[in-house]
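So you can see what is in the structure, the chains are spelled out below.
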Amino acid sequence: MQNQIKLFLSSICLLGALAACQSPAEKADSSKSEFQEPALSEFASKAALGEHLVTIAGCHDCHTPKKMGPMGPELDMDRALSGHPALHPLPDLDRKDLESKGVAATQGLTAWIGPWGVSFASNITSDATGIGNWTEEQFFIALREGKSKGIASNRQMLPPMPYEMFRHMTDEEIKAIFAFLKSTRPVDNVVPEPLPPLSAPPQP
């Protein structure tokens, strides 16, 4: 019996010694693992995450008009994400020649010419002329199925809109982008309808 008591006391002493040997950092880590709540996202809100995704996905490249700066074209953030300016006519170009040879873009990079005709970057601000009246379901249809205005019976979106890549975004990413776009400053801008090609697209 005495041996058993001695063994029990020795075990307690050993545990105490091990605890005493822990560094303050180790103690803090073990305390955190037991009591710390799950870490919050570095983004303060869903819309903030959406803004980040819009930035890194290159949405401004096509949907924000450009203005000339000291280093060349730069984003015109006063018209951020408002698409091709309604009052900007296409420059005097030989469209038929361009359509047969490849792809060209206007200086503002909001209108694109190719074998499909001419496509204009959409207004994706929160204005009614943009996506102000869209539902989240429409936004999912637009990014996942590439349907114009997020309506399943509409035409397919035209190049250079890379919906084939964007469709791989997670549901949460698409929801975050939609939340951000709904929070943007509305810009009243009715983007022109696309123009059909002047000749049949070349066969591959």
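What comes next is a walk through the structure. (Residues numbered from 1 in each chain as written. Predicted model: local features only at pLDDT ≥ 70, side-chain atom pairs only at ≥ 80, totals over all residues. Heavy atoms only, no water.)

**What about the overall build of the protein?**
Along the backbone of the protein there are 8 helices and 5 strands. When the helices and strands of the protein are listed from N to C terminus, the series reads α-α-α-α-β-β-α-β-β-β-α-α-α. Taking all 204 residues of the protein together, 32% fall into the buried category. Taking contacts inside the protein between residues at least 6 apart in sequence as the whole, the part at least 24 apart equals 60%. Of the roughly 13100 Å² of accessible surface on the protein, 60% is carried by carbon and sulfur atoms. (Helix = DSSP H or I, 4+ residues; strand = E, 2+ residues; numbered from the N terminus. Buried < 20%, exposed > 50% of the residue type's maximum accessible area, 1.4 Å probe, protein only. Contact = heavy atoms within 4.5 Å. Areas by Shrake-Rupley, 256 points an atom, 1.4 Å probe, with all protein chains shown as cover.)

**So, the packing of helix α3 (residues 46–56) against helix α8 (residues 171–183)**
In contact at an axis separation of 7 Å, α3 and α8 are set at 95 degrees when each is read in the N-to-C sense. Looking at the two axes, α3 sits roughly perpendicular to α8. In this structure, α3 contributes K46, A47, L49, G50, E51, L53 and V54 to the contact, and α8 contributes E173, K175, A176, I177, A179, F180, L181 and S183. (Axes fitted to C-alpha atoms, helices over the stretch in contact; angles between N-to-C directions. Parallel < 35°, antiparallel > 145°, perpendicular 65-115°, else oblique.)

**Some thoughts on the nonpolar core**
In this structure, V54, L81, F139, I177 and L181 are the most contacted members of the largest nonpolar core, which totals 21 residues. At the level of secondary structure, the elements contributing two or more residues to this core comprise α3, α6 (136–145), α7 (163–166) and α8. The biggest single contributor to this core is α8, with 6 residues. Aside from chain neighbours lying at most four places away, what touches I177 is G50, L53, V54, F139 and M169. (Core = buried A, V, L, I, M, F, W, Y, C linked by side-chain atoms within 4.5 Å.)

**As for the side chain of T184**
With respect to the helices, strands and loops of the structure, T184 is situated in the segment after α8. Of the polar contacts made by the side chain of T184, one reaches the backbone oxygen of L181; its length is 2.7 Å. Contact partners of T184, with chain neighbours within four places excluded, come to L81, I124, T125 and S126. (Polar contact = N/O pair within 3.5 Å; in protein donor to acceptor, adjacent residues only side chain to side chain.)

**Notes on the sheet that holds strand β5 (residues 117–120)**
Strand order in the open sheet formed by 3 strands is β3-β4-β5, and the pairing between neighbours is antiparallel. Among the strands making up the open sheet, the edge pair consists of β3 (104–105) and β5. Pairing geometry for β3 and strand β4 (residues 111–114), over 2 bridges, is antiparallel. Looking at the pairing, A105 lines up with W112 of β4. (Pairing = 2+ DSSP bridges.)

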